[in-house]
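Descriptive structure summary
The lines below spell out each chain.
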Amino acid sequence: WKVFNGFTGVLDQEQTNEKVYVKTIQPLLFPQLITKKQSACIFTYGHTGSGKSHTLLGYEGENSLGVYKYATDDLISHLNENNVKISEDLDKLGLLVRITELYKDKVIDLLTGDVCTVREDDCGVARIRGPLVEDEEGRIDQKTLGLFCR
C-alpha cells in the first residue's frame, strides 16, 4: 500500500484540464513512471455533477480535452521517440490501459461495460476481476478485463 501524507495542493474551478494534468498527473508519468517501469492510477472522487468526467474525459471542442487525452498523447509520444531506437519489435515499449469505474457499490470495466468484482488476494491486495463466464463446453472461467494495448 502506498501511504499518502496529505494533500499536495488544491485546484479551484478556474483551472483548465490541461493545468490539472500538468500539476497532478504529468509528474506521475515523467520521469518516475517511465524510468521505473511502474504503473499509475488516476482516481477521482466527488459528488455527482462535480466535474469528474469532464476533467477525465473532457467534452466536445478542441480546447476542452480531458486529462486522459493529455496523458495518452504524452505517453504515446514518449513511446514513439524511444521505440525508434529499438530494432527488435519484441523489445519495443508498449502501453497497457485499464479503465474502471466505481459507482454505487459496483465496479464497471469501462472498456467492455462488464460489472466486475473486487477480491483480496493472498497478500491482502485488492484485485479487480472480470465477471465469470461459461464457455461452449460448460466450463466456468474468469473473463479478462478489457485492455487497450499499443
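For the structure, see preceding data.
Heads up: these notes are all about the structure in this document. The numbering scheme is per chain: residues are counted from 1 as the chain's sequence reads. Per-residue local features are limited, in this predicted model, to residues with pLDDT of at least 70; the limit for side-chain atom pairs, both in listing and counting, is 80 or more; totals at the level of whole chains, interfaces and linings are taken over all residues. As a rule here, side-chain values come from all non-hydrogen atoms in the structure, and water together with hydrogens is ignored.

A word on the overall build of the protein chain
Operational definition: Helix numbers and strand numbers start at the N terminus; a helix is a DSSP run of H or I with at least 4 residues, a strand a run of E with at least 2. In what follows, a contact means two residues having at least one pair of non-hydrogen atoms within 4.5 Å. Method for areas: the Shrake-Rupley scheme with a 1.4 Å probe, in which residue coverage is limited to the protein chains shown.
The helix and strand tally for the protein chain stands at three helices and eight strands. Its helices and strands taken in sequence order, the protein chain reads α-α-α-β-β-β-β-β-β-β-β from the N to the C terminus. Contacts spanning at least 24 positions in sequence make up 37% of the contacts within the protein chain whose residues lie at least 6 apart. Looking at the protein chain as shown, the accessible area adds up to about 12,300 Å², and 52% of this sits on carbon and sulfur atoms.

A word on the sheet that holds strand S2 (residues 100–103)
Counted only if it meets this: Strands are treated as partners if at least two bridges between them are detected by DSSP. Note on geometry: axes are lines fitted to C-alpha atoms, helical ones only across the stretch in contact, with angles between N-to-C directions running from 0 to 180 degrees.
Strands sit in the order S2-S3-S4-S5 across an open sheet of four strands; the sheet is antiparallel. Two strands in the sheet have a free side with no partner beyond their single neighbour: S2 and strand S5 (126–129). Adjacent strand axes in the sheet meet at a mean angle of 35° when their direction is disregarded. Note that strand S3 (residues 106–109) and strand S4 (residues 115–120) share two bridges and pair antiparallel. Counted as the bridge partner of Val107 is Cys116 from S4.

Observations regarding the environment of Leu145
Among the structural elements, Leu145 can be located in the loop between strand S7 (140–142) and strand S8 (148–149). In sequence terms Leu145 and Leu110 are 35 residues apart; their C-alpha atoms lie 9.5 Å from each other. In this structure Leu145 touches Arg98, Asp109, Cys116, Ile128, Arg129 and Gly130, once residues within four positions along its chain are discounted.

As for the pairing of S3
Looking at chain direction, S2 and S3 are connected through four bridges and run antiparallel. Within S3, the residue paired with Glu101 across the bridge is Ile108. The loop that links S2 with its antiparallel partner S3 comprises two residues; one of these, Lys104, has a positive phi angle of about 50°. What sits between S3 and S4 in their antiparallel hairpin is a turn of five residues, with Gly113 showing a positive phi close to 85°.

Describing the pattern of salt bridges
Oppositely charged side chains are able to pair whenever their charged atoms sit close together. The criterion, for reference: We count a salt bridge whenever a side-chain nitrogen from Lys or Arg sits within 4 Å of a carboxyl oxygen from Asp or Glu. Note on classification: 1.4 Å probe, protein chains only; a residue is buried when its accessible area is under 20% of the maximum for its type, exposed when over 50%, partly exposed between these limits.
As enumerated under the stated definition, the model contains five salt bridges in all. Measuring nitrogen to oxygen at the nearest pair gives 2.9 Å for the salt bridge that ties Asp73 to Lys69. Placement of the pair is Asp73 and Lys69 together in helix H3 (residues 67–83), with a separation of four residues, close to one helical turn. In this structure Asp73 comes out as partly exposed when scored by relative accessible area, which is 35%. Where Arg127 meets Asp121, a salt bridge forms, and the shortest distance between an N and an O atom there is 3.0 Å. Classification of Asp121 by relative accessible area gives partly exposed; the value is 21%. If you follow the salt bridges from partner to partner, you end up with Asp135, Glu137 and Arg139 in one network.

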